[in-house]
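# A structural walkthrough
Here is what each chain is made of, one letter per residue.
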Amino acid sequence: MKSFRMAKLNLRLVVLLAIFVALDVIVGTFLTFGTNIVQVGFSFIVNTVIGAFAGSLWTGIAMGIGDVVSTLLFGHFGYFPGFTFSAIIVGIIYGLFFYKKQLAWNSWKDWLYVLIAVAVIMLVDTVFFNTLWVSILYHNPFSVYLMTRLPLLWQIPFRTIVIMVILPALQRIPSIKKWIL
């Protein structure tokens, strides 16, 4: 994991961030399944790519903006700032783990690295923050929702595999490689 680094802000990066925020909103809205309390989605793929090319700060800001935009466009239950806060924190974590990180499909160290990154993100976001926000919103004890959310940790190996398939493949494409390495 690299220190708190970020890409230099220029017009190209702003445009890329805008495109990926829009993609994150679309994927997070239309490729997310479940109930109000427990949801499974694929926006982690977009978030990983943003973290790989933008770094910690810009990924956090992009994910925060994406949360607000998604809520304004498609929010069925109103805006809650806790989810935006956790989106920013998780964006920073994605940037810390994946910014300029070269990954190889055949390296067990890279598999372990991604597994640890995904576990940290899932524990911070899914298990802690989102459980806290849901318990505040629905006025029930944290422990009640924690028991329903712990099974979501099955996603750790699934997300690890998906990230290790997609990110090294993107890093081999010359026009994309210059952005994410």
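Our structure is the block above this text.
These numbers come from a predicted model, not from an experiment.

## Structural notes on unusual backbone geometry
As a rule of thumb, non-glycine residues mostly have phi less than zero, and peptide bonds are mostly trans rather than cis. Of note, K100 is a non-glycine position whose phi angle comes to about 55°, a positive value. As for its position among the elements, K100 is in the loop between helix 4 (81–98) and helix 5 (108–138). Of note in this structure, H139 is not a glycine but carries a positive phi near 55°. Locating H139 in the fold gives a position in the loop between helix 5 and helix 6 (142–149).

## Some details on the environment of V120
Looking at the secondary structure, you find V120 in helix 5. Its relative accessible area of 29% is what places V120 among the partly exposed residues. Residues V120 and A7, spaced 113 residues apart in sequence, show a C-alpha to C-alpha distance of 23 Å. V120 has contacts with I93 and F97, leaving out every residue within four places of it along the chain.

## Points about helix 5
An α-helix turns once per 3.6 residues; consequently, residues spaced three or four apart project the same way. Here helix 5 contains 31 residues, and its C-alpha end-to-end distance of 42 Å stays within 8% of the 45 Å for a straight helix at 1.5 Å per residue. Where helix 5 ends, the next residue or the one after it, H139, has phi of about 55°, a positive value.

## Here we look at the environment of L17
Locating L17 in the fold gives a position in helix 1 (residues 11–30). For L17, a relative accessible area of 10% corresponds to the buried category. With 92 residues separating them along the chain, L17 and K109 place their C-alpha atoms 29 Å apart. Those residues in contact with L17 that sit more than four places away from it in its chain are I50, F53, A54, W58 and A62.

## Brief notes about the packing of aromatic side chains
Any pair of aromatic rings gets described here by the distance separating the centres and the angle formed by the planes. Under the defined criterion, the tally for this structure stands at 16 aromatic pairs. Their ring planes at 70° and their centres at 5.7 Å tell us that F97 and Y113 sit as a pair that is edge-to-face. Of this pair, F97 sits in helix 4 while Y113 sits in helix 5; the two residues are 16 residues apart in sequence, bridging distant segments of the chain. Residue F97 is classed as buried on the basis of its relative accessible area of 8%. In textbook terms, an aromatic cluster arises when at least three aromatic residues are bridged by ring pairs, as seen for F80, F83, F85, F128, F129, W133 and F142. Over the ring of Y113 we find K101; its NZ or CZ atom is 4.4 Å from the centre of that ring.

## Section: the packing of helix 3 (residues 56–74) against helix 4
Between helix 3 and helix 4, the least distance of the axes is 7 Å, while the angle of their chain directions is 150°. In this view, helix 3 runs roughly antiparallel relative to helix 4, as classed from their interaxial angle. Crossing geometry of helix 3 relative to helix 4 is assigned as right-handed. Two secondary-structure elements touch here, helix 3 through S56, T59, G60, M63, G64, D67 and V68 and helix 4 through F83, T84, A87, I88, V90, G91, I92, Y94, G95 and L96. Here the residues of the contact of helix 3 with helix 4 sort into 9 nonpolar, 7 polar and 1 charged.

Definitions and cut-offs
Residues numbered from 1 in each chain as written. Predicted model: local features only at pLDDT ≥ 70, side-chain atom pairs only at ≥ 80, totals over all residues. Heavy atoms only, no water. Helix = DSSP H or I, 4+ residues; strand = E, 2+ residues; numbered from the N terminus. Buried < 20%, exposed > 50% of the residue type's maximum accessible area, 1.4 Å probe, protein only. Contact = heavy atoms within 4.5 Å. Expected span 1.5 Å × (residues − 1). Phe/Tyr/Trp six-rings, centres within 6.5 Å; stacked < 30°, edge-to-face > 60°. Lys NZ or Arg CZ within 6 Å of the ring centre and 35° of its normal. Axes fitted to C-alpha atoms, helices over the stretch in contact; angles between N-to-C directions. Parallel < 35°, antiparallel > 145°, perpendicular 65-115°, else oblique. Left-handed = near helix turned anticlockwise from the far one by under 90°. Nonpolar A, V, L, I, M, F, W, Y, C, P; charged D, E, K, R; others polar.

Just geometry here; none of it tells us what the structure is for.
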